Amino acid sequence: MSAPKFRIAICGGGVGGLTLAVALSRYPDIVVDVYEAAQSFYEVGAGLGIWPRSFKVLRKLGRDLERQLIQRCGYEFTEEYVPCIKHRKSDQTVGFQLFDLVTKGQLSCNQMRFHRADFHGVLLSHLSPSCTTHNAKRLKSYIQPRSRKSPIKLIFQDGSTATCDVLIGADGIKSSVRSCMMRELAEQSVLSCMNPIWSGVTAYRTLIPAEKLRARCPNHRYLGKDAFFLAYPISLGKYINFAGFTLQPDLVNTAYEADPRMPRRSFQGRADSDWVGELTAEQFVEPFKDFEEDAKQILKCVERGTLWAVHTVKTLPSTNFGRVALLGDAAHAMLPFQGAGAGQSIEDAYLLATVLGHKATTLDTVPRALAIYDKLRRPFSSDVALRSRFNGQLCALQTNVPLHRLGNTVTKNWEWAWLTELDDALEEAVKLVENSSINIRL
C-alpha cells in the first residue's frame, strides 16, 4: 500500500465532522482521524432538520446512505411544491392562521427530520476503514509549524497529543480550533471573533411522546409577540419535537445572566453544559401561557424540558489559516430559525472534501485548497445566518412587516433552501483547484 497523501484530523464528531469523514472516504489516499470530546458519538438532544438543498448534497454520498436516511425519517422525496409548516398568530385567546409555508422539493410534506442520534448513526455506519474515531478527546490547543512539511501538533485536555497534516475544526460553537486560529490571525485584529456571543434568544426544548398527542398531528409554528414555538414529529412519529423561543433584541451581544422576571437561571455548571438548564413543566410553559387554546393543548403535554441560551459566532474574517480550517458551528454558529445549521455543516463538509480530495491537491497546496473553501462557503453561510436571524424576528412579530405580507416575506427569505443547490460552488471549487494561475488569497 502506498503512503497516504496526507493525514486529516477532524476535531468534532457532530453532523459536520462525520459528514466530512464520510465524504473523505471516497479518497483512499487520505487518512482521517475523528476526535470527539464526548464519550459517545450518539448525541441526544432536539430534532434535526435538513432542507432539500442540503439533502441533495447527502445524496452524493451514496444511495445506501440516502436509503437509510429516508428510512429513519419516513418521507419520500418529491420535486413538487407542497405545504410544509402552518403559521398561526397565537398570543391571544382565539388565534388564527396566518399562512402556510409552501416549499419545493420537500420530502413528502416535511423538511427531512431526524432524532440527532439516528442521523449520527447512519453517518457512523458509512465511515471507511481509513477513518479512525476517538472518543473522550477534547482539543485544548494546537501548534502549527511554519513549515508545511512539519506536522501540526494536537494537544488534548487529558494531556495526550497527536499529529496531523491538516486540521479541521468541527468542534461547535465553543470551538477550541477557532480560538487558536483567531490567535494565529491576531495580527489582523480578529480576536473579537474568538468567543461566542449571546444572541438575546433563549430556547425551550423538549420531546413529547406522540401518544400524548395522538389526536393531533402538529406541524405548526405558533407565533406571538417576542415569543413563538414550533412542534413537529420525529423518529417516525414516535416523538413530537418542541422548540420554543423568546427573543430579546435589547440583549443581543450581552453576557447571559439570570433574570428573576423570567423562568430561567444563570448557567453555572460543567464546562460542556454552561448554557443549558433543566426546567419543570410549569417553568417551561410560562413564556407561552397566554397563547391560544390550540397551542395550550400541546403545552399541556410537556412533562419537563431544557432551557438553552442560544449563542452565535460573529462573522469571521476567515475560516482558514495555513493548514487549518473551520466548518459548521465552529465557523458560523447561527440562530436556529430556518433549521439551517446542520445543512450548512453538511455543505461545508462536502465542498471541503472535494477540494482536499482532488488529485491536484498536495500537502504543499493544502493552504490554497482551504482558501478556496473559505472563498466559496463563507459568504453563503454568512448570508444564511442573516436570513435565519431575520426569520426569527418575523416569527416573533418584531418587524414592521404587516401580517398580511408575513407569509410572502418569510417564503422569499427562506426559498434559498429549496430553490438553490451547491453544485455551482462545487464546479467553481474544482476549477480553482485545477487552475493554479487564478489568484486566491491565502
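Colleague: Just checking my understanding: could you explain the pairing of strand S15 (residues 239-247) for this structure?
Modeller: Within a regular beta strand, the side chains point alternately toward one face of the sheet and then the other, so they alternate between its two faces. Counting buried residues along S15, eight of its nine residues qualify, which places the element largely inside the surrounding structure. Examined bridge by bridge, strand S12 (residues 197-209) and S15 share nine bridges and lie antiparallel to one another. Within S15, the residue paired with Arg205 across the bridge is Ala243. In the sheet, strand S14 (residues 227-234) pairs with S15 via eight bridges, with the strands oriented antiparallel. Counted as the bridge partner of Tyr232 is Asn241 from S15. Between S14 and S15, which pair antiparallel and follow one another directly, the connecting turn spans four residues, one of which, Ser235, has a positive phi of 50°.

Colleague: Just checking my understanding: could you explain the pattern of salt bridges for this structure?
Modeller: If the charged atoms of two oppositely charged side chains come close together, the side chains can form a pair. Counted by the stated rule, this structure contains 20 salt bridges. In this structure, the salt-bridge partner of Arg59 is Glu66, at a minimum N-O distance of 3.2 Å. One connected set of salt bridges, linked through shared partners, spans Arg53, Glu347, Asp348 and Arg377.

Colleague: How should the confidence of the model for the chain be read in this particular structure?
Modeller: One rule of thumb: low pLDDT means the predicted coordinates there are not for detailed reading. Residues of the chain with pLDDT of at least 70 account for 90%, and the chain-wide mean is 88. Throughout residues 268-273 the model reports pLDDT below 50, and contacts reaching past four residues in sequence, or to other chains, amount to six contacts.

Colleague: Before we go on, may I ask you to explain the sheet that holds strand S4 (residues 81-89) in this structure?
Modeller: Read from one edge to the other, the open sheet built from eight strands follows the order S5-S4-S13-S14-S15-S12-S17-S16, with strand pairing classed as mixed. For this open sheet the edge positions go to strand S5 (96-104) and strand S16 (276-280), each flanked by a neighbour on one side alone. Going from strand to strand, the sheet's axes swing by 25° on average, the running direction of each strand aside. Of the strand pairs in this sheet, S16 and strand S17 (residues 304-312) are connected by five bridges, and their pairing is antiparallel. Note on S17: the bridge partner recorded for Glu278 is Thr306. Along the sheet, helix H10 (residues 366-395) makes contact with S4, S12, strand S13 (220-224), S14, S15 and S17, crossing S13 at roughly 70°.

Calculation criteria
Residues numbered from 1 in each chain as written. Predicted model: local features only at pLDDT ≥ 70, side-chain atom pairs only at ≥ 80, totals over all residues. Heavy atoms only, no water. Buried < 20%, exposed > 50% of the residue type's maximum accessible area, 1.4 Å probe, protein only. Helix = DSSP H or I, 4+ residues; strand = E, 2+ residues; numbered from the N terminus. Pairing = 2+ DSSP bridges. Salt bridge = Lys/Arg side-chain N within 4 Å of Asp/Glu carboxyl O. pLDDT = per-residue confidence, 0-100. Contact = heavy atoms within 4.5 Å. Axes fitted to C-alpha atoms, helices over the stretch in contact; angles between N-to-C directions.

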